[in-house]
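Examination of the molecular architecture
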Amino acid sequence: MHAGLAADHRRVGAFLVAVDANRATKGFSLKDQLFNEGKVRYLAGLFGGALEADAFVRDVMARLLELELKARIVHISEVLAVHLPDDFAEATSVLEAALPPPLDPSKSDDDFGDFIFSPLGAYVAKHGLARLDISLPLLKEMTKRFSVEFDIRHFLNAEPEATMLALTAWAQDENYHVRRLVSEGTRPMLPWGVKVGLSIEEPMALLDVLHADETRYVTRSVANHLNDITKKDPELVLEALARWKVAGKQAADELDWMTRHALRTLVKKGHTGALEMLGYRSAPQISAEMEFSPLVAIGEVGQLELVIQASQDESLMVDYVIEFVKANGQRRPKVFKLKKLDIKAGERVMLTKNHRFLKDATTFKHFPGRQRVYMQINGQKFGEQEFDLT
């Protein structure tokens, strides 16, 4: 394996953009690593004599290599449907018997499983919405081998009450993959997942349970779930985090980590409540000056110089914001992290940062014109100035 399937999972987000645009990334193809003839033969072999392995592999490989990553999952699930019994109950019995042993229960993080099992969940989501009595227990077993976070969302939309009832029980399950599914599957903005009809408040009772989980795999999902919510209702998240701190059910260090991770989007936006929860006063007693290169060419580096002086002890979250000119001539701000620092009364701190304006980047295009840059310290704007990008 290239660097382990857990690492593969972390690369999926960035890679899917390139996959959908049919780009190559230095000869490495995630779709070919995750879904190839060897993987398909491995999957077929798990079924034993319940399906004709050679025919299954032949039918999958007939189109697999021409497809992009997400389409490969759908394609394998469709071929699987052809080779399984027509009766859903019989088919799911075959599927369950083919499942390998669960992932190592002694681990607590970064054990996502093998992507080749993702078509199994896709099959259940497409064919099993009318049989929750069969489908939900099977998805629970499947997620112990590979997360079914995308598939459970179809059930939340089709049968929200029954599915939420199952998830409520699963939040207390002994297997941490099942517990993580409860948070991940109900996220308001799960990347590449279908939108669910739940309100953002409905899963909060589940998160109240899961926030105290002993595994980082689960608490990371809870933090990501909260970060999703901050984009619609920041106060709901701040209230939950404050409530959890008072409850004291989670270790202080872990809850601190969750809080920082959950509030990361709000921090970038300079949200006062989020910054204050993290210990950064919204009105720091400081003076701050900034200089930036007045003229920079695309492909070159502009230098940022900051001088900060405090009149009292302060904890500072120092970012800088560049308002880039877009194709339509309007500006759009982008926040860049710079430094967290504790400064004493009377102390003077100098910071420098080189910012490269990449040329021919695949994910961001620069346009010449008058740009704007400023410091964002504890959410407040300092030292605004304009510069020309040529």
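Preceding block: the structure.
All chains use their own residue numbering, which begins from 1 and follows the written sequence. The predicted nature of this model means local features are confined to residues of pLDDT at least 70 and side-chain atom pairs, given and counted, to a pLDDT of 80 or more, with totals for whole chains, interfaces and linings taken over all residues. Side-chain numbers come from the whole structure's heavy atoms, not from hydrogens or water.

Under the scheme applied here, a residue whose accessible area is under 20% of the maximum for its type counts as buried, over 50% as exposed, and between as partly exposed, the area being computed with a 1.4 Å probe on protein chains only. Every helix listed is a DSSP run of H or I at least four residues long, and every strand listed is a run of E at least two residues long, numbered separately from the N terminus. Listed as buried for helix α4 (residues 53–61) are Ala 55, Phe 56, Val 57, Val 60 and Met 61. Next to the buried residues of α4 lie α3 (37–46) and α5 (69–83). Contacts between residues were defined by any pair of non-hydrogen atoms, one from each residue, lying within 4.5 Å.

Turning our attention to the sheet that holds strand β3 (residues 301–310). The pairing criterion is simple: DSSP has to find at least two bridges between the two strands. Taken in spatial order, the three strands make up an open sheet running β1-β3-β6, and their pairing is antiparallel. The sheet is open, and its two borders are formed by β1 (286–292) and β6 (348–356), each paired with just one other strand. This sheet shows a mean twist of 15 degrees between the axes of neighbouring strands, independent of strand direction. Of the strand pairs in this sheet, β1 and β3 are connected by seven bridges, and their pairing is antiparallel. By the bridge assignment, Ile 286 is partnered in β3 with Ala 310. Between N-to-C directions, angles span 0 to 180 degrees; the directions come from axes that are lines fitted to C-alpha atoms, helices contributing only their stretch in contact.

Now for the sheet that holds strand β8 (residues 380–389). Read across the open sheet, the five strands follow the order β2-β8-β7-β4-β5; overall the sheet is mixed. Because the sheet does not close on itself, it has two edges, and the strands there are β2 (295–296) and β5 (331–343). Where β2 and β8 come together, two bridges link them in parallel fashion. Among the inter-strand pairings, Val 296 is bridged to a residue of β8, identified as Leu 389.

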